[in-house]
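Descriptive structure summary
Letter by letter, the chains look like this.
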Amino acid sequence: QDLTRQCRGCAHIAAMEFIAVHCMMPDLAGVDSLALSPDSKWLAVGRSDGVLEIWTTSTWQRRIAFGGRQGRVPKCLAFAALAECNVKKLRWAEFAKYQLISAGLDGKLHLWDLQSLQPVVTETSGGGAVYDMCVLDTKPETTLALACEDGAVHLMHVDEESITHRRKFHGGKGRMLSVCRHRNYVFGGNSTSLISRWSLDTRVSDSYVRLEKSRWGDEALVWALKHVDETSIVSGDSLGLLHIIDTVSCTVLQRLDQHQADVLTLAVGTGFMVAAGVDGRVSAYCVMPQTGLWSFAESACRHSHDIRAIVMSPEGNGISGAMDGGLVVHQVRRASAQGAVERFKLRHLRLKFSDSCARRSRPFTLSNDARVGLFCNVFKAELWYFKDVDQSPDAVPPSNKVNGPVDAMRGILPSPLKLADVTLGKAGDMVLSSALSMDAQFFAISDQAGTRLFSFALKDMEVSRLPVKPQIRAARALSLLFLSSSLLAIGDIDSGLLFCDAATGTVMAHHQQHKTPVDMLEASPEFLAASDLRGEMHLYSLDQLAHECVVPRFKLGFPTAMTFGPKGARFIAVSSAQEILVFDTEQHSVLGRCIIPEVPVHQKLRGVMVPANSPEKLLIWGSDVLVKTTMDEVQAEGEKVVAESAAQNFSAAQHSWQIETRLVNILDVAHLAQCDAWSGYSLGHHDQGQSAKKKRKVSREPTGDMCMILQAPAETLRASLPSPFERKAYGR
């Protein structure tokens, strides 16, 4: 199907041919918890599959994902700062000056070291499942209050190497679902419409608030509690109500009714607050200066399913996460005052699902002949085989059964067949990375337990596990890459970069130039490029397996994509700030830098490619964008483009940039130009009135550079979710 491309801000109109073959489904994981670091630079995200993620709030891009295990769902998260003396010893990126605390329905607390990406200590809550967590103190030590299954609030002391249970505040009947601190009191809301108050001085419950029941007499579940101001807190419950409560007299001051279902989460800023829940609606409230009462300001529905977490930064940015897997940034801004009432407005920035779903730099690896592919899912790796099909016109399905480009090409292009699902160690551990050798004879998979090597016999369709040395077995790799049929590069979290022989399972070289884990690898016939979580990039010679040079760092952001030009003469990298860097691998000098125009800052560009048949071109892709430019454009503009972009004077119409925005949820792109199995397939250009056999003709003429695009279709993702709450257009 030949589609006229829709470009944004481009001076030239071109055409691009898309051929859909098959869509591989990644595991969809909703957001269960969020936490902002004390400096608001980092966002921790806990997902329903147990995976923890660290996002940067400067560009709203994910930096790293780790810790996934089925059954260990982080219902609540909190940051804990390291001691100043230990911060100075850090070898990591800036977010590693914190530790991350997670707790969930398994009744356990995990203290995560963000340098090793492993839990330092795991401790039980003492009260069963944990539904909510609140930080009481951070100095001189971190103290947490946990709302637990046994109906009590448990206080825990956390230091850098231990978690200790301190005391227990007994509540009433039912589960304790929410907790917050206000001055020298701790408030806890349970499943029987009760909010209890405990004094931190006397350690006893001295008052309580009884909320209203439903019209049918059902108890209200107090899902959320937050500190509002010097004299009040706010609660959100299963009746869709917000109650403003006086903390001295423990009486309800105000009742707010804007939600059609449970209010699950709250966040408070200076002079405003936001609430969200099962109806997928985010509501903003502000204080009326005349009366001091809270008033509804605005609401918006940017999620399709339950919003389970929302946090607020000091700058007024609210970040919400929902069951649909998406993150939305709500920018709460003061609008012009109307009379004496100051109103607030919400601006929204939705972070794409595919940014959350593609948690690795290389989720899909394709063999040289494009017959075998390895897809890295969350808890397993999938081995796929693309088999031949009947190429005769009679094999084409009837025209009345054709439904879109997928059905149009069925029976013409190679058909995908899943060969195996491969897991390591204990079932349910997150797969960190995977790689397939060029001839598909070997593949490697790594998780928190280490790295394993496998052999694959295509003729017999057999997979066998290979013996490896202990150093390889213990390597927890964020990145894996085969450099030849058996030479494998391993980016170990703990010990730098390893080169090993997959056939013998031995280590051939070990380099420790990187002070932080290597998260991306890319190779040419002569060089290997490696980037780490600190943003440093190094080149290694593959002839001698030795360190070659250091590539200058980006002026803005961190590396998100790398590749080599033909013969490895040029190294190209892309940053999180959409900056392109071209480096001469022979002269060890920078040939050019430039900023990609008109791409949103939160659009993470995860891949870059130099087509073999068109070495002067560059293809760059992100979640919802394909960008094409020329190497000369990058090298000629150089520092001028960076300066113009910083001054916001840069326009794509003045330069030869082509931006494609039709494809969505792109996970990866593989180059097929050299593949005999694919390069002869093409879809003809015909009128709608022609018959089915004539409309879809098979051409064996070379079609130039082709790409396989791995994407997660929005319709399939939505179909995998449960039915959303049906919001009413009337009533509340």
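Residues numbered from 1 in each chain as written. Predicted model: local features only at pLDDT ≥ 70, side-chain atom pairs only at ≥ 80, totals over all residues. Heavy atoms only, no water.

**Remarks on the overall build of the chain**
Quick reminder of the rule: A run of DSSP states H or I qualifies as a helix once it reaches four residues; a run of E qualifies as a strand once it reaches two. Both are numbered from the N-terminal end. Residue exposure (1.4 Å probe, protein chains only): buried if accessible area is under 20% of the type maximum, exposed if over 50%, otherwise partly exposed. The criterion used for residue contact is that any of the two residues' heavy atoms lie within 4.5 Å. Shrake-Rupley sampling with a 1.4 Å probe provides the accessible areas, and residues are treated as covered by the protein chains on show and by no other component.
In terms of helices and strands, the chain carries 9 helices and 56 strands. The buried share of the chain, taken over its 732 residues, is 58%. Looking at the chain alone, contacts between residues at least 24 apart form 52% of all its contacts between residues at least 6 apart. Approximately 29600 Å² of the chain is accessible, and the part contributed by carbon and sulfur atoms is 48%.

**Structural notes on the state of the cysteines**
So the rule is basically this: Defined by distance alone, a disulfide is two cysteine sulfur atoms within 2.5 Å.
By the definition in use, this model includes 0 disulfides. Cys76 takes part in no disulfide bond, and the closest cysteine sulfur, belonging to Cys148, lies 8.8 Å away.

**Points about the sheet that holds strand E48 (residues 570–575)**
Note the cut-off: Strand pairing is assigned whenever DSSP detects at least two bridges linking the two strands. Think of each axis as a best-fit line through the C-alpha atoms, taken over the contacting stretch in the case of a helix, with angles from 0 to 180 degrees between the N-to-C directions.
Across the sheet, which stays open at both edges, the 4 strands sit in the order E47-E48-E49-E50 with antiparallel pairing between neighbours. Two strands lie at the open edges of the sheet, namely strand E47 (559–564) and strand E50 (589–595), each paired on one side alone. Looking at each pair of strands side by side, their axes are set apart by 15 degrees on average, direction ignored. Relative to E48, E47 runs antiparallel, the two being bridged by 5 bridges. By the bridge assignment for E48, Met562 is matched with Ala573.

**With respect to the side chain of Ser40**
Turning to its location among the elements, Ser40 is positioned in the loop between strand E3 (31–36) and strand E4 (42–47). A residue is classified by how much of its surface remains accessible, and Ser40, at 11% relative accessible area, is buried. The contact partners of Ser40, leaving out residues within four places of it in the chain, are Thr57, Ser313, Pro314 and Glu315.

**Some thoughts on the environment of Arg362**
Along the chain, Arg362 falls in the loop between helix H2 (353–357) and strand E31 (364–366). In this structure the C-alpha to C-alpha distance between Arg362 and Arg606, which are 244 residues apart in sequence, comes to 8.8 Å.

**Focus on the sheet that holds E4**
The strand order across the open sheet formed by 4 strands is E3-E4-E5-E6, and the pairing between neighbours is antiparallel. Every other strand in the sheet has two partners, leaving E3 and strand E6 (61–66) as the edge strands with one partner each. On average, each strand axis in the sheet is tilted by 25 degrees relative to the strand beside it, whichever way the strands run. Note: E3 against E4, 5 bridges, orientation antiparallel. Opposite Val31, over in E4, you have Arg47 as the bridge partner.

**Comments concerning the pattern of salt bridges**
This is how it is decided: Take a side-chain nitrogen of Lys or Arg and a carboxyl oxygen of Asp or Glu: if they are within 4 Å of each other, that pair is a salt bridge.
Counted by the stated rule, this structure contains 19 salt bridges. Between Asp32 and Lys75 there is a salt bridge whose closest N-O contact spans 3.4 Å. Of the two residues, Asp32 sits in strand E3 while Lys75 sits in strand E7 (residues 74–81), which places them 43 residues apart along the sequence. When its relative accessible area of 27% is taken as the criterion, Lys75 is described as partly exposed. When the shortest N-O distance is used, the salt bridge between Asp519 and Arg63 registers 3.6 Å. With a gap of 456 residues between them, Asp519 in strand E43 (residues 518–523) and Arg63 in strand E6 connect regions that are remote in the sequence. Classification of Arg63 by relative accessible area gives buried; the value is 8%. Where salt bridges share partners, they join Lys380, Glu382, Lys418 and Asp421 into one cluster.

**Some words on the side chain of His259**
The line we're drawing: Two N or O atoms form a polar contact when they lie within 3.5 Å of each other; inside protein one atom must be a possible hydrogen donor and the other a possible acceptor, and for residues adjacent in sequence the pair counts only when both atoms belong to side chains.
Mapped onto the elements, His259 comes out in the loop between strand E22 (251–257) and strand E23 (263–268). Among the polar contacts listed, one links the side chain of His259 to the side chain of Asp279, at a separation of 3.2 Å. Within the local environment of His259, its side chain forms a polar contact with the side chain of Ser283, the two groups lying 3.2 Å apart.

**Here we look at unusual backbone geometry**
Backbone geometry places Ser193, a non-glycine residue, at a positive phi of 65 degrees. Along the chain, the position of Ser193 falls in the loop between strand E16 (185–190) and strand E17 (194–199). Positive phi, normally seen in glycine, also occurs at Lys567, with a value near 65 degrees. The residue Lys567 is located in the loop between E47 and E48 in this model. Owing to a relative accessible area of 75%, Lys567 belongs among the exposed residues under this scheme.

**Structural notes on the confidence of the model for the chain**
We count it as follows: Predictor confidence is given residue by residue as pLDDT, running from a minimum of 0 to a maximum of 100.
Of the residues in the chain, 78% have a pLDDT of 70 or more, and the chain-wide mean is 80. Throughout residues 674–703 the model reports pLDDT below 50, and contacts reaching past four residues in sequence, or to other chains, amount to 65 contacts.

**A closer look at the packing of aromatic side chains**
Keep this limit in mind: Aromatic pairs are defined between Phe, Tyr and Trp rings, using the six-membered ring for Trp, whenever the two ring centres lie within 6.5 Å; interplanar angles under 30 degrees are classed as stacked, those over 60 as edge-to-face, and all others as tilted.
As enumerated under the stated definition, the model contains 8 aromatic pairs in all. When the ring of Phe79 is compared with that of Tyr98, the centres are 5.6 Å apart and the planes differ by 70 degrees; the resulting orientation is edge-to-face. Taken together, the residues span a long stretch of sequence, with Phe79 in strand E7 and Tyr98 in strand E8 (residues 98–104) at a distance of 19 residues. Like Phe79, the residue Tyr98 is buried in the burial classification. Centre to centre, the rings of Phe169 and Trp198 are 5.8 Å apart; their planes meet at 15 degrees, and the pair counts as stacked. Of this pair, Phe169 sits in strand E14 (residues 163–170) while Trp198 sits in strand E17; the two residues are 29 residues apart in sequence, bridging distant segments of the chain. Across this residue pair, the class does not change: Phe169 and Trp198 are buried.

**Some remarks on the environment of Thr630**
Here Thr630 is to be found in strand E53 (residues 626–630). Between the alpha carbons of Thr630 and Lys617 there is a distance of 4.3 Å; along the sequence they are 13 residues apart.

**Thoughts on the pairing of strand E13 (residues 152–158)**
Extensive coverage of E13 is indicated by the burial of 7 of its 7 residues. The side-chain alternation of E13 yields two buried faces, one formed by Ala152, His154, Met156 and Val158 and the other by Val153, Leu155 and His157. Hairpin geometry of strand E12 (residues 142–148) and E13 is characterised by an intervening segment of 3 residues between the two adjacent antiparallel strands and by a positive phi of about 85 degrees at Gly151. Pairing analysis gives 7 bridges linking E13 to E14, with the strands arranged antiparallel. Considered in E14, the bridge of Leu155 is made with Arg167. Between E13 and the antiparallel strand that follows it, E14, lie 4 residues.

**Describing the environment of Val422**
You can see Val422 is positioned in strand E34 (residues 415–422). Sequence separation between Val422 and Val463 is 41 residues, and the spatial gap between their C-alpha atoms is 9.4 Å. Every residue in contact with Val422, bar those within four places of it in the chain, is listed here: Lys380, Ala381, Phe443, Ile445 and Phe454.

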